[in-house]
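What follows is the residue order along each chain.
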Amino acid sequence: MGKEPASEVLSLDGREVRVSNPDKLYFSSQLRISKLDVVRYYLSVAGGALAGIRDRPVVLKRFVNGAEGEAFYQKRAPAQRPTWIRTVTLSFPSGRTAEEIVVDDAAGLAWIVNLGCIELHPHPVRSGDLEHPDELRIDLDPVPGVSWADVRRVAVEVEALLEELGLRGWPKTSGSRGMHVNVRIEPRWTFAEVRRAAVALSRAVERRVPALATSKWWKEERHGVFLDYNQNAKDRTTCSAYSVRPVVDARVSAPLHWHEVPDAEAADFTIFTMPERFTKVGDPHAGMDAAAGSLEPLLELAAKDEVAGLADAPWPPHFRKMQAEGPRVAPSRAKAAAKKPRAKMPLIVVANSPDKPAALAGLERWKNKHADLAALLAVDDVLVDSMRGRSSTWTRIRINLRHVPEELRPPQETPDPDDDPTREWREWSKARTRKKKTAEN
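Residues numbered from 1 in each chain as written. Predicted model: local features only at pLDDT ≥ 70, side-chain atom pairs only at ≥ 80, totals over all residues. Heavy atoms only, no water.

1. Examining helix H2 (residues 46–53)
Put simply, the test is: Think of it in three bands: with a 1.4 Å probe and only protein chains considered, a residue is buried below 20% of the maximum accessible area for its type, exposed above 50%, and partly exposed in between. Helix numbers and strand numbers start at the N terminus; a helix is a DSSP run of H or I with at least 4 residues, a strand a run of E with at least 2. Here, two residues are considered to be in contact whenever any of their heavy atoms come within 4.5 Å of each other.
For H2, the complete set of buried residues consists of Ala46, Gly48, Ala49, Leu50 and Ile53. Its buried side turned inward, H2 meets helix H1 (35–44), strand E5 (57–62), helix H3 (106–114), strand E9 (121–122) and helix H6 (274–281). Two residues or fewer after H2 comes Asp55, characterised by a positive phi angle close to 65°.

2. Re the side chain of Asn400
We count it as follows: Any N or O atom pair separated by 3.5 Å or less is treated as a polar contact, with the protein-specific requirement of one donor-capable and one acceptor-capable atom, and with residues adjacent in sequence counted only for side-chain atom pairs.
Mapped onto the secondary structure, Asn400 falls in strand E17 (residues 393–400). For Asn400, the side chain forms a polar contact with the main-chain nitrogen of Arg402, separated by 3.1 Å. The residues touching Asn400, leaving out its near neighbours within four places in the chain, are Glu220, Met345, Pro346, Leu347, Leu377 and Asp381.

3. Some remarks on the packing of helix H5 (residues 191–208) against helix H7 (residues 296–307)
Packed helices, taken two at a time, are described by their axes: the angle between them and the distance between them. As a reminder of what qualifies: Note on definitions: angles span 0 to 180 degrees between N-to-C directions of axes, and those axes are lines fitted to C-alpha atoms, for helices only across the stretch in contact. Angle categories: roughly parallel below 35 degrees, roughly antiparallel above 145, roughly perpendicular from 65 to 115, and oblique for all the rest. Residues are grouped as follows: Ala, Val, Leu, Ile, Met, Phe, Trp, Tyr, Cys and Pro are nonpolar; Asp, Glu, Lys and Arg are charged; all remaining types, including Gly, are polar.
The contact between H5 and H7 brings their axes to 8 Å, and the two run at 70°. One element, H5, and the other, H7, form an angle in the roughly perpendicular class. Between H5 and H7, the residues in contact are Glu193, Arg196, Ala197, Ala200, Leu201, Arg203, Ala204 and Arg207 and Leu298, Leu299, Leu301, Ala302, Ala303, Asp305 and Glu306, respectively. The residue inventory of the contact of H5 with H7, partitioned by class, reads 9 nonpolar, no polar and 6 charged.

4. Quick look at the packing of aromatic side chains
The line we're drawing: Note on aromatic contacts: the rings of Phe and Tyr and the six-membered ring of Trp form a pair at centre separations within 6.5 Å, being stacked when their planes are under 30 degrees apart, edge-to-face when over 60 apart, and tilted otherwise. Think of it as a cone above the ring: NZ of Lys or CZ of Arg counts as a charge over the ring if it is within 6 Å of the ring centre and within 35 degrees of the ring normal.
Overall, the coordinates contain 5 aromatic pairs when judged by the stated rule. A ring pair is formed by Phe226 and Tyr229, whose centres lie 6.3 Å apart and whose planes are at 80°; its orientation type is edge-to-face. The same class applies to Phe226 and to Tyr229, which are both buried. Centre to centre, the rings of Tyr242 and Phe278 are 5.6 Å apart; their planes meet at 90°, and the pair counts as edge-to-face. In this pair, Tyr242 sits in the loop between strand E14 (225–227) and H6 while Phe278 sits in helix H6, placing the two residues 36 residues apart along the sequence. Each member of the pair, Tyr242 as well as Phe278, is classed as buried. By way of ring pairs, the aromatic residues Trp217, Phe226 and Tyr229 are connected into one cluster. A cation over an aromatic ring shows up here: Lys75 above the ring of Phe92, its NZ or CZ 4.2 Å from the ring centre. Geometry around Trp217 places Arg222 over its ring, the cationic atom sitting 6.0 Å from the centre.

5. Thoughts on the environment of Asp139
Relative to the elements of secondary structure, Asp139 occurs in strand E10 (residues 135–142). Taking the relative accessible area as the measure of exposure, Asp139 reaches 11% and is therefore buried. Sequence separation between Asp139 and Tyr229 is 90 residues; the distance between their C-alpha atoms is 7.3 Å. In this structure, Asp139 is in contact with Met179, His180, Phe226, Leu227, Asp228 and Gln231, ignoring residues within four places of it in sequence. For Asp139, the side chain forms a polar contact with the side chain of Gln231, separated by 3.2 Å.

Given below as structure tokens:
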């Protein structure tokens, strides 16, 4: 008979959760952190972690090979699950539906972490009303090279604007390079209305600190800190408070008090330091549910922007074209005949890979090959894109040659590496479209 796989059974609130392969390393490149270590971390901060996900559908972002391995998104609840795990059925812009997990307690939290969910990705709705978000999510995403100090400055500007509008923001580190500010709202607006409010807020912050913040969707137009309003589009999720992030030092998304933001250092909050902080400080976001506000002031601001001629900002690419939306095409690919000409950016692709370190290594090879040109680039001329595939992400790296004299710009070469996992699907899609047009003619 074969040896039975190792496991450890946890008794949590009268329920048993089996942690399979508890000694499996989830972090190994610099730290040695096992699956059971991650489960125990979440249980040590369960009061805070559950506050961010309880009664919400959760997308399972699974790192089955640990934080250094490739993750995949699983929207549908596993068929084999405990009878005490709840589910709800969500509908998506594509018209499809999915039965998703709802976590109610520490046992459910431990169960999804055992599946490889290092991060927690809840939707901004409660299970009783899946069409009206109760959370506005403000994602501060710095472009490459932007300092952490600038991220904090933009966060403080967001706080000031929210206060003027009668709203309260709850800040947290993203656990990576950015910050999040969540705003509890009354659940009486649709996803489209909440996103419209987020667009208005992003543009308002950009007007207040134009040198630091941007609301521009296209990466080639961005600078400073991007306020990603599209995180409020239906079916988008961000990591919740206390989530462990797949970075080498096992950082977590740390809830903060506003007075901590100006001096906070993201690297201070890890799987090792957060349990003690939680014990001593408690949950800085504990009062969030009691502070639900109104979106009316932001929607009034959006109406003023519309009267001033500002069209809706671009939606994510998999959404249908919206009636009030501006051109959904990157400036570098815009047709010259557009009503409002936009400068095309001279972009080249230097690396494509599902392995981000391999893509970054390709970038360094390009810089070494073109050392004189690399010296002319600004920090935001290197565009590192996290591209969504059908069930996982991959990395594309582009170079904006706008600061390189035209006569010195190198042509587009074969990227190195050139492993785009969506290429085969895109070629098949194009062939199908050509075949359909031929049949129609």
